[in-house]
Amino acid sequence: MSDKPLEGKLAVVTGATRGIGRAVAERFMADGATVIGTGTKPDGQVPKGCRYHQLQLSEDASVEAMCRVIEKEAPHILVNNAGVSNPQGWDTLDAKTFRATQQIDLVAPTMLCRAAIPGMRKHKWGRFVGISALSGTHFGRPTRASLASAKAGLVAMHMSLASELAADGILANTVAPGFIDTDVLPQLFSKEQIETLAKRAPVGRLGTPRELAALVAFLAGPDNTYMTGQQILIDGGFTRTL
């Protein structure tokens, strides 16, 4: 097996300035890929060696501009990682926030995928990987109606890609992370809750972005030749042992 399995490949990774997206971009570059990473700021700090494009998934004009970049660059790999949670209970859920979550977590990624298809077909090779969530596809959680519905849609969208594009050498899968040690967790849970969640997993700890990136690298790489349309859990055994 080559130590540079992605040499000669171009990848786009959304949300590559931190957390999971940053780890994926770093892993792809280590595997030999050229990477375009996105972030919301004009001068986002992506890993060294990674090309940067600003992308506001909430804004149609910004998404359309990124679609033009994708159409021109014709990446071999697209990882839709960036997203929002927007937790709201049913007593406070409002249509504006719900629509905003769908736009960022589902509508914009769908448009980016559509823009990438012609280039992948030209290459006769392509890989889509979406970062989904356990909520909505494996269990329900309070205050996650917006996130769960959008991420379930993301899974279904990748299943559609898989069924329609496999004959063109294009594979599409989603990854559902468990509780990963990023700066997002403290925004959603208290320190005590995070410690409890870590202990509930059979492995007894949180996952790391690098562990998730290793799975994404396999799904996006040449060693994956037969897995498509799947939702893969990486959660330390959390959901299967509850």
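The preceding data block contains the structure.
The text that follows walks through the structure, step by step, so that each part is easy to find. Note that the structure is predicted; figures quoted are calculated from it, not measured.

## Digging into the overall build of the protein chain
Turning to step 1, where the next piece is worked out: Scanning the protein chain for helices and strands turns up seven helices and seven strands.
Turning to step 2, where the next piece is worked out: Scanning the protein chain from its N terminus toward the C terminus, one meets helices and strands in the order β-α-β-β-α-β-α-β-α-β-α-α-α-β.
Turning to step 3, where the next piece is worked out: The C-alpha atoms of the protein chain give a radius of gyration of 17 Å, which matches the 18 Å a tight globule of 242 residues would have.
Turning to step 4, where the next piece is worked out: Expressed as lengths along the three principal axes of its C-alpha atoms, the size of the protein chain is roughly 45 × 40 × 35 Å.
Turning to step 5, where the next piece is worked out: The buried share of the protein chain, taken over its 242 residues, is 51%.

## With respect to helix α3 (residues 95-123)
Turning to step 1, where the next piece is worked out: Between its first and last C-alpha atoms α3 spans 41 Å; for 29 residues at 1.5 Å apiece the expected length is 42 Å, and the two agree.
Turning to step 2, where the next piece is worked out: A maximum bend of about 45° is found in α3 at Gln103.
Turning to step 3, where the next piece is worked out: The residue sitting at the N-terminus of α3 and contributing the capping side-chain oxygen is Asp94; that oxygen lies 3.2 Å from the backbone nitrogen of Lys96.
Turning to step 4, where the next piece is worked out: In the stretch just after α3, Lys124 is the one whose phi turns positive, near 60°.

## Some thoughts on the environment of Lys4
Turning to step 1, where the next piece is worked out: Assignment of secondary structure puts Lys4 in the segment before β1 (10-13).
Turning to step 2, where the next piece is worked out: With relative accessibility at 36%, the residue Lys4 sits in the partly exposed group.
Turning to step 3, where the next piece is worked out: In the structure, Lys4 is positioned 27 residues away from Asp31 in sequence and 4.4 Å away in space, judged by C-alpha atoms.

## Focus: unusual backbone geometry
Turning to step 1, where the next piece is worked out: With a phi angle near 50°, Ala74 is a residue other than glycine that sits in the positive phi range.
Turning to step 2, where the next piece is worked out: Among the structural elements, Ala74 can be located in the loop between α2 (60-73) and β4 (77-80).
Turning to step 3, where the next piece is worked out: A positive phi angle, close to 60°, is found at Lys124, a residue other than glycine.
Turning to step 4, where the next piece is worked out: For Lys124, a relative accessible area of 65% corresponds to the exposed category.

## A short note on the pattern of salt bridges
Turning to step 1, where the next piece is worked out: All chains considered together, the criterion is met by seven salt bridges.
Turning to step 2, where the next piece is worked out: Here Glu73 makes a salt bridge to Arg51, at a shortest N to O gap of 2.7 Å. With Glu73 in helix α2 and Arg51 in strand β3 (residues 51-54), this residue pair connects regions lying 22 residues apart in the sequence.
Turning to step 3, where the next piece is worked out: The exposure class of Glu73 is partly exposed, given its relative accessible area of 27%.
Turning to step 4, where the next piece is worked out: The partly exposed category is assigned to Arg51, whose relative accessible area is 33%.
Turning to step 5, where the next piece is worked out: Here Asp168 makes a salt bridge to Arg121, at a shortest N to O gap of 3.1 Å. With Asp168 in the loop between α4 (145-165) and β6 (170-177) and Arg121 in helix α3, the pair connects residues that are 47 residues apart, well separated along the chain.
Turning to step 6, where the next piece is worked out: You can call Arg121 partly exposed: its relative accessible area is 38%.

## Some remarks on the packing of aromatic side chains
The description of an aromatic ring pair uses the distance of the two centres, along with the angle that the planes make with each other.
Turning to step 1, where the next piece is worked out: Taken as a whole, this structure holds two aromatic pairs when the rule is applied.
Turning to step 2, where the next piece is worked out: Considering the side-chain rings of Phe179 and Phe189, the 5.9 Å spacing of their centres and the 80° angle between planes classify their relative orientation as edge-to-face. Residue Phe179 is found in the loop between β6 and α5 (185-188), and its partner Phe189 is found in the loop between α5 and α6 (191-200); the two are separated by ten residues along the sequence.
Turning to step 3, where the next piece is worked out: What makes Phe179 buried here is its relative accessible area of 14%.
Turning to step 4, where the next piece is worked out: Aromatic pair Phe179 and Phe238: ring centres 5.2 Å apart, planes at 75°, arrangement edge-to-face. Here Phe179 is found in the loop between β6 and α5, whereas its partner Phe238 is found in the segment after β7 (231-234), with 59 residues between them in sequence.
Turning to step 5, where the next piece is worked out: The class of Phe238 is buried, set by a relative accessible area of 5%.
Turning to step 6, where the next piece is worked out: Here the aromatic residues Phe179, Phe189 and Phe238 are joined through ring pairs into a cluster of three or more.
Turning to step 7, where the next piece is worked out: One cation-aromatic arrangement involves Lys9 over Trp125; the distance from NZ or CZ to the ring centre is 4.7 Å.

Calculation criteria
Residues numbered from 1 in each chain as written. Predicted model: local features only at pLDDT ≥ 70, side-chain atom pairs only at ≥ 80, totals over all residues. Heavy atoms only, no water. Helix = DSSP H or I, 4+ residues; strand = E, 2+ residues; numbered from the N terminus. Rg over C-alpha atoms; globule rule 2.2 N^0.38 Å. Buried < 20%, exposed > 50% of the residue type's maximum accessible area, 1.4 Å probe, protein only. Expected span 1.5 Å × (residues − 1). Bend = angle between axes of the 7 residues up to and from the residue. Polar contact = N/O pair within 3.5 Å; in protein donor to acceptor, adjacent residues only side chain to side chain. Salt bridge = Lys/Arg side-chain N within 4 Å of Asp/Glu carboxyl O. Phe/Tyr/Trp six-rings, centres within 6.5 Å; stacked < 30°, edge-to-face > 60°. Lys NZ or Arg CZ within 6 Å of the ring centre and 35° of its normal.

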